[in-house]
Amino acid sequence: MTNFYKEDPNLRRLIKERLPADFFEWADSELNQFGALCTGEIDKRAAHTDREGQPKLIRYDKMGNEVSQVWLNEGYKKTVEETYNTGIVGYVHKDIPALGHKGNYVYSYAQNYLLSHAEPGFDCPIALTMATAYLIDHYASESLREKFLPHVLATGDTELYEGATLLTERQGGSDVGANEVKAVKEEDHYQIYGEKYFASNAGACGVAMVLARLDGAPEGTKGLSLFLVPWEENRAEGLLRIRRLKDKLGVRAVPSAEIEFTGAKGYLVGEENQGFYYMIEALNLSRVSNAVSSLGIMRRAYLEARNYAMNREAFGNKLTHYPMVQETLSKLAAKQEIELNAVFEVVALMDRVMGVDTKVKASDKERILFRLYVAIMKVETAEQAIRFSHEAIEMHGGNGFIEDFVTPRLLRDAQVLTVWEGTENILALEVLRLIGKYHVEQIFAEEMKGRLSTVQAEQIGIDPSKITAWVKVIESELSHLIERVEAVRTLPKDTQTYYGKGISKQITDIFESIVALETFAKGDKRQQAISEVFLHDLWKRNEFQENPVPLEHFDTIVAGKQ
Ligand SMILES: Cc1cc2nc3c(=O)[nH]c(=O)nc-3n(C[C@H](O)[C@H](O)[C@H](O)COP(=O)(O)OP(=O)(O)OC[C@H]3O[C@@H](n4cnc5c(N)ncnc54)[C@H](O)[C@@H]3O)c2cc1C
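A. Summary view of the pairing of strand β9 (residues 224-230). For β9, a buried count of seven out of seven residues is recorded, marking the element as mostly surrounded by other parts of the structure. Of the pairings in the sheet, the one linking β9 to strand β11 (residues 256-269) comprises three bridges and is antiparallel in character. When the sheet's bridge partners are listed, Leu-226 is paired in β11 with Val-269.

See the structure below:
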């Protein structure tokens, strides 16, 4: 492996399809350079950070004063600098000098995806900084924007302030409405008091976006306001304290801390008591980041498994000679590529929903579908990142379990992706909320039926039986989904939640199947093979065959023979 970007034609194709020609030409060259960096130096530094160079809390200075500083190793700091300088956060909000216009999330998430092949732990600070930039850009006063935004968007032109988003408290992360941290009004600012229990990027960030409750504010999420808390000045004045850094299973690059605010100076962002709603918008962004990171881990796990299998011999043959190995690799490749296609569709939609792509405004329907896609794809990709990492370990046999190989780190880093940014249960509740409020299942079904008709109408030079059979399967799944939701709707509210995960998974499978069919209809021979393997694996059709589909297409998909 020399360049994750060059060796991923599917990513390049997606970016090319979604960016205007001049933007693509520039992005292609940038991604090429960053791909090489991730495959080389960033990957090496990530291994060091994980094993020997984890962040450390410096609690006291040499005179015994409490300082709450965080030590980061030099290699990690270099990765931070090089990555922000690509404009991964900055160019969503400011012009790319070479092009004279802003970038977008499609470009930034392509960088993010490459980064997570090598250093998923650092994806978290990137996501936090993206969320911070969004919140300041959209909701902060003009004076706060002027003072802080250029630093959050820094690309080497000024001092960088990374971001942080502090919601979770000791009594609960999912139940944000139970938050207790207080904000007290002073003349031109607020003082923040209380504890935050999981504060990622603590000690590394320049600004933290903190949810806190004003005196007399309503209970629950309706009483939370958002504050911008400058880190360094509060730390230097002893107004915030890091109690400890968490000793974590994975993503060790990012310092995650327990924080105590003792009157830290903060500035209100937007209106009082609206903080939770602003944060939810930013959370959508972090959830998409989570999906993209998961896909990067999936791709790296697949590449590691494939390369090992191509070189390792057992019983006188390369592992890739064996049908069970071929099956695993074909199915992993198919799932990863279809899921990447699906997630980049969501990223492109996000550009419109978040107002980055101003050419076509997102409709109300699209905004609702966006929330649905974010919830389902966050869950599915996170689960798959764990499964792929497990499969990569399995393919390596004993070596896969040994820290000389990247495989254990992939599994450890993947494990958090199902937890932070909302667990599967919490996101199933979001899907039920969308069903209850907007009948999202109907909107989704209508949209998917339209896409199925287009696929059928547009197939040119393809054996129609190949597509028609799958269209029937998916149409029947859509009817089943609608019937199921109708039945669940009649149940008491609490019992409905029992079915939330099942419904979400069904929507995910239908959505990805349609992406697979579209990939088939407009794709080349390899993309068609990918789509077929994906659909066969998911719906388990024609299980007993002399030449099963994953084996039939192994050479085309995995061994690279067309
Ligand atoms: C490494 C790391 C870094 C983090 N960094 C940050 C950060 O920077 N900022 C931040 O704000 N937070 C951060 N978090 C916190 C993270 O967002 C929370 O851990 C997560 O939201 C879950 O909250 P919790 O841990 O309190 O679990 P809980 O909310 O206690 O949930 C425990 C379990 O109960 C389930 N559950 C809860 N409610 C329901 C329900 N109504 N129905 C069904 N099941 C339910 C959940 O799905 C979960 O499985 C971080 C967490 C980790 C692990």
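Moving on from the model shown.
B. Broad picture of the pattern of salt bridges. Counted by the stated rule, this structure contains 44 salt bridges. Arg-243 serves as the salt-bridge partner of Glu-258, at 3.5 Å between the closest nitrogen and oxygen. With a gap of 15 residues between them, Glu-258 in strand β11 and Arg-243 in strand β10 (residues 240-245) connect regions that are remote in the sequence. A relative accessible area of 3% places Glu-258 in the buried class.

C. Here's a closer look at the packing of aromatic side chains. Counting across every chain of the model gives 15 aromatic pairs. Centroid distance Tyr-139 to Tyr-278: 4.0 Å. Interplanar angle 20 degrees. Geometry classified as stacked. With Tyr-139 in helix α6 (residues 120-139) and Tyr-278 in helix α9 (residues 275-311), this residue pair connects regions lying 139 residues apart in the sequence. Summarising the aromatic geometry, the rings of Tyr-498 and Tyr-499 are spaced 4.9 Å apart at their centres and angled 85 degrees between planes, so their arrangement reads as edge-to-face. Here the aromatic residues Phe-23, Trp-26, Tyr-91 and Tyr-107 are joined through ring pairs into a cluster of three or more. Against the face of Phe-198 rests Lys-246, its NZ or CZ located 4.3 Å from the ring centre.

D. Expanded view of the pairing of strand β1 (residues 56-60). In the sheet, β1 pairs with strand β2 (residues 66-71) via four bridges, with the strands oriented antiparallel. Among the inter-strand pairings, Lys-56 is bridged to a residue of β2, identified as Trp-71. Here β1 folds back onto β2 in antiparallel fashion, the turn holding five residues, of which Gly-64 has a positive phi close to 85 degrees.

E. Just the packing of helix α2 (residues 21-51) against helix α5 (residues 105-118), in detail. Running from amino to carboxyl end, α2 crosses α5 at an angle of 20 degrees, the nearest separation of the two axes being 8 Å. On the basis of their axis angle, the class for α2 and α5 is roughly parallel. Between α2 and α5 lies a crossing of right-handed hand. Counting all contacts with α2, which are made through Phe-23, Trp-26, Ala-27, Glu-30, Leu-31, Phe-34, Gly-35, Cys-38, Ile-42, Asp-43 and Ala-46, the residues of α5 involved are Tyr-107, Ala-110, Gln-111, Leu-114, Leu-115 and Ala-118. Classifying every residue of the contact of α2 with α5 by side-chain character gives 13 nonpolar, two polar and two charged.

F. How the structure looks around the environment of Val-379. One can find Val-379 in helix α11 (residues 364-396). Accessibility expressed as a relative area gives 17% for Val-379, which makes it buried. Along the sequence, Val-379 and Leu-417 sit 38 residues apart, while their C-alpha atoms lie 8.6 Å from each other. Beyond its immediate sequence surroundings of up to four residues, Val-379 is in contact with Glu-424 and Leu-427.

G. Layout of unusual backbone geometry. Even without a glycine there, the phi angle at Ser-68 is positive, about 50 degrees. Tracing the backbone shows Ser-68 in strand β2. For Asn-273, which is not a glycine, the phi torsion comes out positive at approximately 65 degrees. Relative to the helices and strands, Asn-273 is located in the loop between β11 and α9.

H. Highlighting α6. Taking 1.5 Å of rise per residue, the 20 residues of α6 would be expected to cover 28 Å, and the 29 Å separating its terminal C-alpha atoms lies within 8% of that figure. With 18 of 20 residues buried, α6 is to be regarded as a mostly interior element.

About the cut-offs
- Residues numbered from 1 in each chain as written.
- Predicted model: local features only at pLDDT ≥ 70, side-chain atom pairs only at ≥ 80, totals over all residues.
- Heavy atoms only, no water.
- Buried < 20%, exposed > 50% of the residue type's maximum accessible area, 1.4 Å probe, protein only.
- Helix = DSSP H or I, 4+ residues; strand = E, 2+ residues; numbered from the N terminus.
- Pairing = 2+ DSSP bridges.
- Salt bridge = Lys/Arg side-chain N within 4 Å of Asp/Glu carboxyl O.
- Phe/Tyr/Trp six-rings, centres within 6.5 Å; stacked < 30°, edge-to-face > 60°.
- Lys NZ or Arg CZ within 6 Å of the ring centre and 35° of its normal.
- Axes fitted to C-alpha atoms, helices over the stretch in contact; angles between N-to-C directions.
- Parallel < 35°, antiparallel > 145°, perpendicular 65-115°, else oblique.
- Left-handed = near helix turned anticlockwise from the far one by under 90°.
- Contact = heavy atoms within 4.5 Å.
- Nonpolar A, V, L, I, M, F, W, Y, C, P; charged D, E, K, R; others polar.
- Expected span 1.5 Å × (residues − 1).

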